[in-house]
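# Breakdown of the fold
Spelled out, the chains give:
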Amino acid sequence: MKNLLNNFKASLKHNHQKILILILAFLAGVELLGLVYAFNIIRLNQKEKLYLEQFKTDLEKSQDSLEQSQSWDYYTLSSYLSKDPLYYNETKVIESLGKYLILDPNLKIANKALFDKIYNHILPNHKFGDNKGYQKDENSEILDSQKFHDYRNSCLSSIINPETVKSFSNLQLDSDTAYIKRGKIRFYLEDYPGAIRDFEKAKNLNPNNKDPLNQAIALAYFELGNPKYFRNGYVKYSLLDQIEHPGMLFNRLKEYSSSAISFNPNLANAYYLRGYLRSHKINYLFSTGSERMNIKEAISNEIKKGIFNDEEMLEMIDDFTNAIRNDPFFYKKYPSNEINFCPSFSDEYPSQIKSLTEKIKTNLNDSFLYYQRALIYLDSKNYQKSIEDLNKVIQLNSSNNSLKALAYYGLWLAHYKQKNYQKALENINQVIKIYPDFADFYAIRGLTYYDFSKLSKNTKDLEKVIEDSNHAIKLHEELLKKLNPKEDSRFLDDQPSANAYFIRGLAYYDLGNQEQALLDYRKSLGLWPSLVTGDEGGGVTEMPLPPGFPP
């Protein structure tokens, strides 16, 4: 009995020690969290101070006014706060932006800061005027900083006014319109988390406006995940070149692109970004850095190991397929290639349609007005109205092949989106008749045959996919040699038609030829990243397109 009592006391003492250790560990954890939080506050305050001191120094050197100095302070503070994922303070961001707008309602500072970032980081290969102007190509006019400012402000002319500036920090809780306006201003000022919050509030206040607001939220999520904002600046090169190992940032970008897709399942750029992030595995397996690698042997080995059973691989293929399906010219429109100075929000479509309709009443034979309205109907998914306008464009244009081709392409898209593949094929055939030497249109027809094969279950349609893809690749190579007669042909051989190779890979996979499918996927993955980083990005030659393309 005595031994039993002693054992009980020892056990109790041991348990007390365990409980004491757990309590101490818990308190240490709480203290550690407190230290992390305090560290973030200190880090934030130090960065704010550094930013503000730097801008004050710069402004003192240029003898700018105190008011402008304060504007810089508030803009810089809000810009930093809105981009720090570890410490996003909604109240401070709104307060800083509100004070900035009062001092600079014309956004001179914000526009200058954005223009300088574009000039310094994203467009080193473009032509600039003497006053630091941007020229997209030899046929376009130089866009200098003043024109950039005027153009940006024209987008916001209906939003920024004395009333919205005054009420920016204190909105009426029952006004969805006020939240939409403030959300757009925050979007333009690159406060994407804040824009999402305001669009969400507006959607809760007016559920009838759900679809256009979801598209606006998707745009903001995409911009959050867009690699051009990586590492405090605009990314000039491949994102995967900068992220050596998938980790927290990598996963966060993937989450942002997934959120964008969940709010807008038709956002081609978001599918491309997520597919690109998922492609790290295939890039690692078939690294082009090893010249001794036998690619065919490596592909055969990976297929034996079951690469096509790998969930990440299949999701990557789905993402790239959806990027092409939603916009075959996505690689030409990706934001780090084609800079969108003035993004369009779909809640503005009704007023744009109304304005064009009024113009058409007094210009019944102006085919371009019908074409502009058709594009808005397309984006609004009002396919029948779009088809009516596009047919009108063709009817009015007996000789203008450029506009007629654009109309036929629009008809292809309207029918393709409705899965009316026979009609889609008829219209892309008309585009090819007008422009028989452009590779992209054959790849688009190949994509249409591929999706048609899913319904027809006919392998002959898959053979047509391969035939069209082969022709697209051949045309692409011929045009490259024409554009670069002095270039080493070995260099040109490394510049395949990315879409055509990928679409051909889809057909080969469905026909059971996994090795050829994987070879084609790998080729397209080697080119897309270079295409979306800008003209001549990564040494890739930009291929010219017919006038007006991509629409």
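This one's a predicted model, so the numbers in the text were calculated from it and none came from an experiment. (Residues numbered from 1 in each chain as written. Predicted model: local features only at pLDDT ≥ 70, side-chain atom pairs only at ≥ 80, totals over all residues. Heavy atoms only, no water.)

Before going further, it helps to spend a moment on the overall build of the protein. Scanning the protein from terminus to terminus reveals 26 helices and zero strands. When the 551 residues of the protein are sorted by exposure, 49% land in the buried category. Looking at the protein alone, contacts between residues at least 24 apart form 64% of all its contacts between residues at least 6 apart. With an accessible surface of roughly 28900 Å², the protein has 51% of that area assigned to carbon and sulfur atoms. (Helix = DSSP H or I, 4+ residues; strand = E, 2+ residues; numbered from the N terminus. Buried < 20%, exposed > 50% of the residue type's maximum accessible area, 1.4 Å probe, protein only. Contact = heavy atoms within 4.5 Å. Areas by Shrake-Rupley, 256 points an atom, 1.4 Å probe, with all protein chains shown as cover.)

Let's shift gears to the pattern of salt bridges. Tallied over the entire structure, the rule returns 21 salt bridges. For E426, the salt bridge is made with K423, and the minimal N-O distance between the two is 3.9 Å. Of this pair, E426 and K423 both sit in helix α21 (residues 421-434), three residues apart, which is roughly one turn of that helix. Residue class for E426 comes out partly exposed when judged on its relative accessible area of 43%. With a closest N to O distance of 2.8 Å, D520 and R504 form a salt bridge. Pair noted here: D520 is in helix α26 (residues 514-531) and R504 is in helix α25 (residues 498-510), with a separation of 16 residues, a long-range link. Considered together, D520 and R504 belong to a single accessibility category, that of buried residues. When salt bridges that share partners are traced, they join E90, R182, R186, D191, R197 and D198 into one network. (Salt bridge = Lys/Arg side-chain N within 4 Å of Asp/Glu carboxyl O.)

This part is about the nonpolar core. Grouped together as the largest cluster of nonpolar side chains are 135 residues, with contacts concentrated most on L101, L189, M313, L518, Y521, W528 and F549. The biggest single contributor to this core is helix α20 (residues 401-417), with eleven residues. Contacts of M313, omitting those with residues within four sequence positions, involve I282, I307, F308, L518 and Y521. (Core = buried A, V, L, I, M, F, W, Y, C linked by side-chain atoms within 4.5 Å.)

Turning next to the confidence of the model for the protein. Per-residue pLDDT for the protein averages 77, and the proportion of residues at 70 or more is 68%. Across the protein, the element-wise mean pLDDT spans from 46 in helix α10 (residues 239-242) up to 97 in α21. pLDDT under 50 marks residues 229-245. Its contacts with residues more than four places away, or in other chains, come to 38 contacts. (pLDDT = per-residue confidence, 0-100.)

Let's shift gears to α20. Taking 1.5 Å per residue as the helical rise, α20 with its 17 residues ought to reach 24 Å, and the 24 Å between its terminal C-alpha atoms agrees with that figure. Counting buried positions over the 17 residues of α20 gives 14, a clear majority of the element. By the N-cap criterion, in which a side-chain oxygen at the helix start approaches the backbone nitrogen of a residue two or three places on, α20 is capped by N400, the distance to S402 being 3.2 Å. At the exit of α20 stands K419, carrying a positive phi of roughly 65°. (Expected span 1.5 Å × (residues − 1). Polar contact = N/O pair within 3.5 Å; in protein donor to acceptor, adjacent residues only side chain to side chain.)

Turning our attention to the packing of aromatic side chains. Counted according to the given criterion, the structure contains 28 aromatic pairs. When the ring of F329 is compared with that of Y409, the centres are 5.8 Å apart and the planes differ by 55°; the resulting orientation is tilted. Of this pair, F329 sits in the loop between α15 (311-326) and α16 (330-333) while Y409 sits in helix α20, and the two are 80 residues apart along the sequence. No difference in accessibility class separates F329 from Y409, as the two residues are buried. One aromatic cluster in this structure is built from F329, Y409, W412, Y416, Y421, Y435, F438, F441, F452 and F549. Taking NZ or CZ as reference, R182 lies 5.7 Å from the ring centre of F168, over its face. (Phe/Tyr/Trp six-rings, centres within 6.5 Å; stacked < 30°, edge-to-face > 60°. Lys NZ or Arg CZ within 6 Å of the ring centre and 35° of its normal.)

Quick look at the side chain of N326 now. Locating N326 in the fold gives a position in helix α15. By relative accessible area, which is 14% here, N326 ends up buried. A distance of 2.8 Å separates a polar side-chain atom of N326 from the backbone oxygen of N322. Discounting chain neighbours no more than four positions away, the residues touching N326 are P265, N266, A268, Y271 and K417.

A separate point is unusual backbone geometry. In this model, F549 is joined to P550 through a cis peptide bond whose omega is -5°. Of note, the phi angle at E190 is positive, near 70°, even though the residue is not glycine. Mapped onto the elements, E190 comes out in the loop between α7 (176-188) and α8 (192-205).

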